[in-house]
Every structure is written in structure tokens, then in C-alpha cells.
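Architecture and fold: a report
Read off the chains here:
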Amino acid sequence: PTITFIQPDGSKQVVEAKSGQTAMEAAIANSVPGIVAECGGACSCATCHVYVDEEWTERVGGPSEMEEDMLDFAFDVRPNSRLSCQIRLTDEMDGLVLHVPEEQV
Ligand code: FES
């Protein structure tokens, strides 16, 4: 699937991801700025925080309980906040839009 990352300044980066990858892995593989992913995807750092575009929140779904606990440590959490390492990409997510926060913790 093709994923679009939008920076706080509005600049966009479209990346080609593989189904089965996480959104965090796709971001790191394409050097998307603002996705730090300190823990490497273990759901224990909250530096891969993204906002799921409103159009996509339903299809992507909400965080697990463990993810929600970790999100408490993220900067400026909103109802559409997710940890991108916990978003498993599928072909149905082609066109997914994720917004990168102003800063990570
Ligand atoms: Fe650490 Fe996602 S990469 S919580």
C-alpha cells in the first residue's frame, strides 16, 4: 500500500510500503522526518506517535490497551493518536494518510 505522511508544516511524503509492514517501519525505511521509533517497534517508547487522518480512523481502528498506556507518554495526544509501530499495514490501507506530530517525547 501507498502511505502518505504529512509533516506539521504541511509537506507530504508518499512512501511505498509492503503489506504486513508496520507504518513505523515504512516511515523509517523512507527516512520520514519526525518518526523516531527509539524502541524499534516494541510499543515501549511512544516516539513513533502519529495522528491518523480523520478519513481513515475507522478503517485503521483504535489502539490496544497496552498501546493506549504507552500513548500517555506521547506529546499532544489526540483522539486519533496511534503509535505507528502498532499499525499493521494491509492492502486495504492503500492511500492511508498519517500526520506527524510537532514533536516526539
Ligand atoms: Fe517505540 Fe513504536 S517504535 S513505541
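What comes next concerns the included structure. (Residues numbered from 1 in each chain as written. Predicted model: local features only at pLDDT ≥ 70, side-chain atom pairs only at ≥ 80, totals over all residues.)

1. Things to note about the overall build of the protein
Filter applied, for reference: Labels follow the DSSP assignment, with helices taken as runs of H or I lasting at least four residues and strands as runs of E lasting at least two, numbered in each case from the N terminus. Only C-alpha atoms enter the radius of gyration; for comparison, a globular chain is expected to reach 2.2 Å times N to the power 0.38, where N is the number of residues. With C-beta atoms placed from the backbone, a residue counts as buried when 20 or more other C-beta atoms lie within 10 Å of its own, as exposed when 12 or fewer do, and as partly exposed for counts between those limits.
On a plain count of helices and strands, the protein comes out with three helices and five strands. The helix and strand sequence of the protein, counted from the amino end, reads β-β-α-β-α-α-β-β. Against the 2.2 N^0.38 benchmark of 13 Å for 105 residues, the protein shows a C-alpha radius of gyration of 12 Å, consistent with a compact globule. With the principal axes as the frame, the protein shows a C-alpha extent of 30 × 25 × 25 Å. In the protein, which comprises 105 residues, the proportion classed as buried is 30%.

2. A short note on the pairing of strand β1 (residues 2–6)
We apply this condition: The pairing criterion for strands is at least two bridges between them, as found by DSSP.
Only one face of β1 is buried: it carries I3 and F5, and the other face, with T2, T4 and I6, is open. Relative to strand β2 (residues 12–16), β1 runs antiparallel, the two being bridged by five bridges. Residue pairing in the sheet places T4 in a bridge with V14 of β2. Between β1 and β2, which pair antiparallel one after the other, the connecting turn spans five residues, and G10 there sits at a positive phi close to 95°. Sheet analysis places β1 next to strand β5 (residues 97–99), joined by three bridges and oriented parallel. Bridge assignment links I6 to a residue of β5, and that residue is H99.

3. Re the sheet that holds strand β4 (residues 81–83)
The test is simple: Fitted lines through C-alpha atoms serve as axes, helices being fitted only where they are in contact, and the angles separating the N-to-C directions of these axes extend from 0 to 180 degrees.
On the basis of which strands lie adjacent, the open sheet formed by five strands has the order β2-β1-β5-β3-β4 and mixed pairing. For this open sheet the edge positions go to β2 and β4, each flanked by a neighbour on one side alone. The mean inter-strand angle of the sheet, taken between neighbouring strand axes irrespective of direction, is 35°.

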